[in-house]
Amino acid sequence: MALKIQDVLKLAVERIKETKACTPLLDAEVILCHTLKKDRLFLYTHRDHVLKEEEVRVFNECIEKRTQGMPVAYIVRKQEFMGLNFYVEEGVLIPRPDTEILVERVIEWTKKRKNDNRTIVDLGTGSGAITISLAKYIENTFVYSIDLSRHALEIGKKNAILNEVTENTLFLEGDLFTPIKDKLEGKVDILVSNPPYIPRKEIEKLQIEVKKFEPKTALDGGVDGLDFYRKIIDEAPNFVKKGGFIGLEVGHDQADVVKRMMENKGDYYEIEKIKDLAGIERVVVATL
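Everything quoted here is computed from the prediction, not taken from an experiment.

Calculation notes
- Residues numbered from 1 in each chain as written.
- Predicted model: local features only at pLDDT ≥ 70, side-chain atom pairs only at ≥ 80, totals over all residues.
- Heavy atoms only, no water.
- Helix = DSSP H or I, 4+ residues; strand = E, 2+ residues; numbered from the N terminus.
- Rg over C-alpha atoms; globule rule 2.2 N^0.38 Å.
- Buried < 20%, exposed > 50% of the residue type's maximum accessible area, 1.4 Å probe, protein only.
- Pairing = 2+ DSSP bridges.
- Right-handed = clockwise from strand over helix to strand, strands pointing away.
- Axes fitted to C-alpha atoms, helices over the stretch in contact; angles between N-to-C directions.
- Parallel < 35°, antiparallel > 145°, perpendicular 65-115°, else oblique.
- Left-handed = near helix turned anticlockwise from the far one by under 90°.
- Contact = heavy atoms within 4.5 Å.
- Nonpolar A, V, L, I, M, F, W, Y, C, P; charged D, E, K, R; others polar.
- Phe/Tyr/Trp six-rings, centres within 6.5 Å; stacked < 30°, edge-to-face > 60°.
- Expected span 1.5 Å × (residues − 1).
- Arc of directions from axis to C-beta.

Asks: Quick one: what's the story with the overall build of the chain, residue by residue and with numbers?
Replies: Each helix and strand counted, the chain has eleven helices and nine strands in total. Here the chain has a C-alpha radius of gyration of 21 Å; the compact-globule value for 288 residues is 19 Å, and the two agree. The principal-axis extent of the C-alpha atoms belonging to the chain is close to 70 × 40 × 35 Å. Counting all 288 residues of the chain, 52% fall into the buried class.

Given below as structure tokens:
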């Protein structure tokens, strides 16, 4: 039986709806674009286009993965962030729009301060989204990207090649500041991180796409979700220059406590909480 674009989309949307996914039509369209190697405009303008048998098979296999909860980004191996394309696969956290708030704030800060050779450290590479966006959009910058996961570092390097920033990025394996000790003390202009911040007991309550497929190590922030903030806030003054900048993404109810941590440390000034588009305090920034 010959199946047209409109036919396979209708069937796919019905299947995805059964999983109570939030955007069944969008999910189906993105997966079909991936299958056909076409853009969404093609889907809208060629509703009667008949799929080849192999295309139907591949598309249905992808839809089956979606009905099992696999995020669309893992299925199509791609996610956009800050207007750039990133390769993603299981084992690395999928870049999210909320994190763009952090990147945009860093870029805004740099525009107010001239610096010919700026050093940035990103703690927690993941897919490389933060690292690569900063390397791409801020001139005269070198970004050190650190992660404990060797797999994440490999994906980060792959995305650095994809986005042409290999010359001003370096990916280092290790736990937080360990790879840059005895190398960058007092030399960092900007420190950024989107660390694991989900309280351990809350992970099993997350939506299936996250708890079943995304890496636990990129989610688990300890018993109260604040383990990494304690370590970062305590050690950052050893590495960031006086007058330097720190930006941290936080969980939806963590901004106040992270701000207090900075205040209690005594090395942080101009501490500011920044809201995302939903009005949630998503980022905490400060000057050292």
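Asks: Report on the pairing of strand 4 (residues 141-147), specifying residues and quantitative values.
Replies: Within strand 4, six of the seven residues are buried, which leaves it mostly tucked inside the rest of the structure. Note that strand 3 (residues 118-123) and strand 4 share six bridges and pair parallel. Counterpart to Val121 in the pairing with strand 4 is Tyr144. Read as a crossover between parallel neighbours, the route from strand 3 over helix 7 (residues 129-137) to strand 4 is right-handed. Sheet analysis places strand 4 next to strand 5 (residues 169-173), joined by five bridges and oriented parallel. Bridged to Tyr144 within strand 5 is Leu170. In terms of handedness, the path from strand 4 via helix 8 (residues 150-162) over to strand 5 forms a crossover that is right-handed.

Asks: How would you summarise the pairing of strand 3 if you had to cite specific residues and measurements?
Replies: Among the six residues of strand 3, six are classified as buried, and the element is accordingly described as predominantly covered. What you see with strand 3 is no split at all: Arg118, Ile120 and Asp122 on one side and Thr119, Val121 and Leu123 on the other are buried throughout. Examined bridge by bridge, strand 3 and strand 6 (residues 188-193) share four bridges and lie parallel to one another. Paired with Val121 across the two strands is Leu191, which belongs to strand 6.

Asks: Summarise the packing of helix 2 (residues 24-36) against helix 4 (residues 53-67); cite the residues concerned and give the values.
Replies: At their nearest, the axes of helix 2 and helix 4 sit 10 Å apart, and the two run at 140° to each other. Overall, the two elements helix 2 and helix 4 adopt an arrangement that is oblique. Seen along the crossing, helix 2 lies across helix 4 with a hand that is right-handed. Every residue of helix 4 that contacts helix 2 at Asp27, Ala28, Ile31, Leu32, Thr35 and Leu36 is listed here: Glu55, Val58, Phe59, Cys62, Ile63 and Arg66. A class-by-class count of the residues in the contact of helix 2 with helix 4 yields eight nonpolar, one polar and three charged.

Asks: Run through the packing of aromatic side chains, naming residues and quoting values.
Replies: Summed over all chains, the structure comprises four aromatic pairs. For the ring pair Phe81 and Phe86, a centre distance of 6.2 Å and an interplane angle of 80° mean the geometry is edge-to-face. Residue Phe81 is classed as buried on the basis of its relative accessible area, which comes to 1%. For Phe86, a relative accessible area of 1% puts it in the buried group. Here Trp109 and Phe245 contribute two aromatic rings whose centre-to-centre distance is 5.1 Å and whose plane-to-plane angle is 35°, an arrangement assigned as tilted. Here Trp109, found in helix 6 (residues 97-111), pairs with Phe245, found in strand 7 (residues 240-249); they are 136 residues apart in sequence, far enough to count as distant. For the residue pair Trp109 and Phe245, the accessibility class agrees, reading buried in each case.

Asks: Lay out helix 1 (residues 5-17) with the relevant residues and their values.
Replies: Each full turn of the α-helix corresponds to 3.6 residues, which orients residues three or four apart in the same direction. Taking 1.5 Å per residue, 13 residues should reach 18 Å; helix 1 reaches 18 Å between its end C-alpha atoms and fits that length. Along helix 1, the residues classified as buried are Ile5, Val8, Leu9, Ala12, Val13 and Ile16. For helix 1, the arc enclosing every buried residue in end-on projection is 135°, short of the 170-degree limit, so these residues lie on one face. Exposed residues lying more than 90 degrees from the buried face of helix 1 are Lys10 and Lys17. Elements in contact with the buried residues of helix 1: helix 2, helix 3 (40-45) and helix 4.

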